[in-house]
Amino acid sequence: MEKYITVKGFGTAEIVEKKSRFIAHVKPVTSEDEAIKYIEETKKQYWDARHNCYAYQLGDRNQIQRYSDDGEPGGTAGMPILDVLRGRNIKNTIIVVTRYFGGTLLGTGGLVRAYGSAAREGIAAAGLIERIPHIRYNFTVDYTLSGKVQYEILNGGHILENTVYTDRVEFIVLSEAGKGESLAENIVNLTGNKAEIKKEDTPVFVNSNIEF
């Protein structure tokens, strides 16, 4: 359960090199079936294009990496696209770059640069996020202790998701994985072991925007 980088959503961008159009389509995916389906949809949509090259990377350790030059010279399209994903370790993402040939050959180096540039522009258009695993805690205390507990939660950089007021005060907190144990220990000490603490096992991923 580790934090990872992926794209925020769908993004598209276009560059032109010597009259050839390179249109990048970027999409988050959660399975290889979903990636393959998106490739097929893109090829159907851009059926009149000469090439629809792609690369995708899936899995918490990037166990699945696939790419295709789709008729371009070997190593000039799919691999440069995949290198963009590898460069920032962008997970669970597919990039398809559609090329409309402009009549002028670009050469091996020109193709590598064009496909890589289109992929980077597509990622920039989609936006990047870091997905950070958090654990949800419930801290229930008497009203007389609530001020101290709330201060400890907010001062520690945790996310106060909700506060429920009944006969006691319940703080529902998201704490980054690995940091909740120390928060719970601090609250136990602050309250003289008078806090009721519940912890959920299933992580909640919190998104944080990052620059590409």
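Structure shown above.
About the cut-offs
Residues numbered from 1 in each chain as written. Predicted model: local features only at pLDDT ≥ 70, side-chain atom pairs only at ≥ 80, totals over all residues. Heavy atoms only, no water. Pairing = 2+ DSSP bridges. Helix = DSSP H or I, 4+ residues; strand = E, 2+ residues; numbered from the N terminus. Axes fitted to C-alpha atoms, helices over the stretch in contact; angles between N-to-C directions. Contact = heavy atoms within 4.5 Å. Salt bridge = Lys/Arg side-chain N within 4 Å of Asp/Glu carboxyl O. Buried < 20%, exposed > 50% of the residue type's maximum accessible area, 1.4 Å probe, protein only. Lys, Arg positive; Asp, Glu negative; His and termini not counted. Phe/Tyr/Trp six-rings, centres within 6.5 Å; stacked < 30°, edge-to-face > 60°. Lys NZ or Arg CZ within 6 Å of the ring centre and 35° of its normal. Expected span 1.5 Å × (residues − 1). Arc of directions from axis to C-beta. Core = buried A, V, L, I, M, F, W, Y, C linked by side-chain atoms within 4.5 Å.

Peer 1: I'd love a proper account of the sheet that holds strand β3 (residues 20-28), names of residues and values included.
Peer 2: Strand order in this open sheet of five strands is β2-β3-β6-β4-β5, and the pairing throughout is antiparallel. Edge strands, defined here as strands with exactly one partner in the open sheet, are β2 (11-17) and β5 (64-68). Put simply, the sheet's adjacent strands are angled 15° from each other on average, direction ignored. Relative to the sheet, helix α1 (residues 32-45) contacts β3, β4 (51-58), β5 and β6 (93-100), its axis offset from that of β4 by approximately 165°.

Peer 1: Account for the pattern of salt bridges, naming residues and giving values.
Peer 2: Inspection of the entire model under this criterion finds 13 salt bridges. We note a salt bridge from Glu 72 to Arg 99, for which the minimum N-O separation is 2.9 Å. Of this pair, Glu 72 sits in the loop between β5 and α2 (78-87) while Arg 99 sits in strand β6, and the two are 27 residues apart along the sequence. Per residue, the accessibility class of Glu 72 equals that of Arg 99, and both read buried.

Peer 1: For the side chain of Glu 152, give the residues involved together with the corresponding values.
Peer 2: In this structure, Glu 152 sits in helix α4 (residues 143-155). Buried within the structure, Glu 152 lacks any salt-bridge partner; Lys 148 is the closest side chain of opposite charge, at an N-O distance of 11 Å. Leave out the neighbours within four places in its chain, and Glu 152 touches His 158, Leu 183, Asn 186, Ile 187 and Leu 190.

Peer 1: Lay out the packing of aromatic side chains in plain terms, naming residues and giving numbers.
Peer 2: Evaluation of the coordinates by the stated rule reveals five aromatic pairs. Note on Tyr 4 and Phe 205: the rings are 5.9 Å apart at their centroids and 65° apart in plane angle, and the pair reads as edge-to-face. Linking Tyr 4 in strand β1 (residues 4-7) with Phe 205 in strand β11 (residues 204-210), this pair joins segments that are 201 residues apart in sequence. We classify Tyr 4 as buried; its relative accessible area is 18%. Seen from their ring centres, Tyr 137 and Phe 139 are 5.7 Å apart, and the 0° between their planes marks the pair as stacked. Above the face of the Tyr 38 ring, Lys 27 is positioned so that its terminal group lies 5.8 Å from the ring centre.

Peer 1: Just give me the short version of the side chain of Ser 146, but keep the residues and values in it.
Peer 2: If you trace the backbone, Ser 146 turns up in helix α4. Residues within four places of Ser 146 in sequence aside, it is in contact with Val 141, Val 169 and Phe 171.

Peer 1: Give me the lowdown on the environment of Val 97, citing residues and values where you can.
Peer 2: Turning to its location among the elements, Val 97 is positioned in strand β6. Separated by 46 residues in sequence, Val 97 and His 51 have C-alpha atoms that sit 8.0 Å apart. Those residues in contact with Val 97, other than ones at most four positions away along the chain, are Phe 22, Ile 23, Ala 24, His 51, Asn 52, Cys 53, Ile 81, Tyr 115, Ala 118 and Ala 119.

Peer 1: Please give an account of α4 that cites residues and values.
Peer 2: With 13 residues, α4 ought to run about 18 Å at 1.5 Å a step, and its terminal C-alpha atoms sit 19 Å apart, in line with that. Along α4, the residues that are buried comprise Leu 145, Ser 146, Val 149, Glu 152 and Ile 153. Across the axial projection of α4, the buried residues extend over an arc of 135°, all falling on one side. In α4, those exposed residues whose orientation departs by more than 90 degrees from the buried face are Thr 144, Tyr 151 and Asn 155. Taken together, the buried residues of α4 touch β7 (128-141), β8 (159-165), β9 (169-176) and α5 (180-190). One or two residues past the end of α4 sits Gly 157, with phi positive at roughly 80°.

Peer 1: Explain the nonpolar core residue by residue, including any values.
Peer 2: Formed by 25 residues in total, the largest nonpolar core has its most connected members in Phe 22, Ile 81, Ile 95, Val 97, Tyr 115 and Ile 123. Considering every element that reaches this core, the biggest residue donor is helix α3 (residues 107-126), with seven residues. Counting 14 residues, the second-largest nonpolar core is a separate cluster that includes Ile 135, Tyr 137, Val 149 and Ile 187.

Peer 1: Before we move on, can you summarise the pairing of β6 with the specific residues and values?
Peer 2: The element β6 is largely enclosed, with a buried count of eight among its eight residues. Side chains of β6 alternate between two faces, with Thr 93, Ile 95, Val 97 and Arg 99 and Ile 94, Val 96, Thr 98 and Tyr 100 buried alike. Of the strand pairs in this sheet, β3 and β6 are connected by eight bridges, and their pairing is antiparallel. Across the sheet, the residue bridging to Lys 27 is Ile 94, located in β6. Judged from the seven bridges that link them, β4 and β6 form a sheet pairing that is antiparallel. Paired with Gln 57 across the bridge in β6 is Thr 93.

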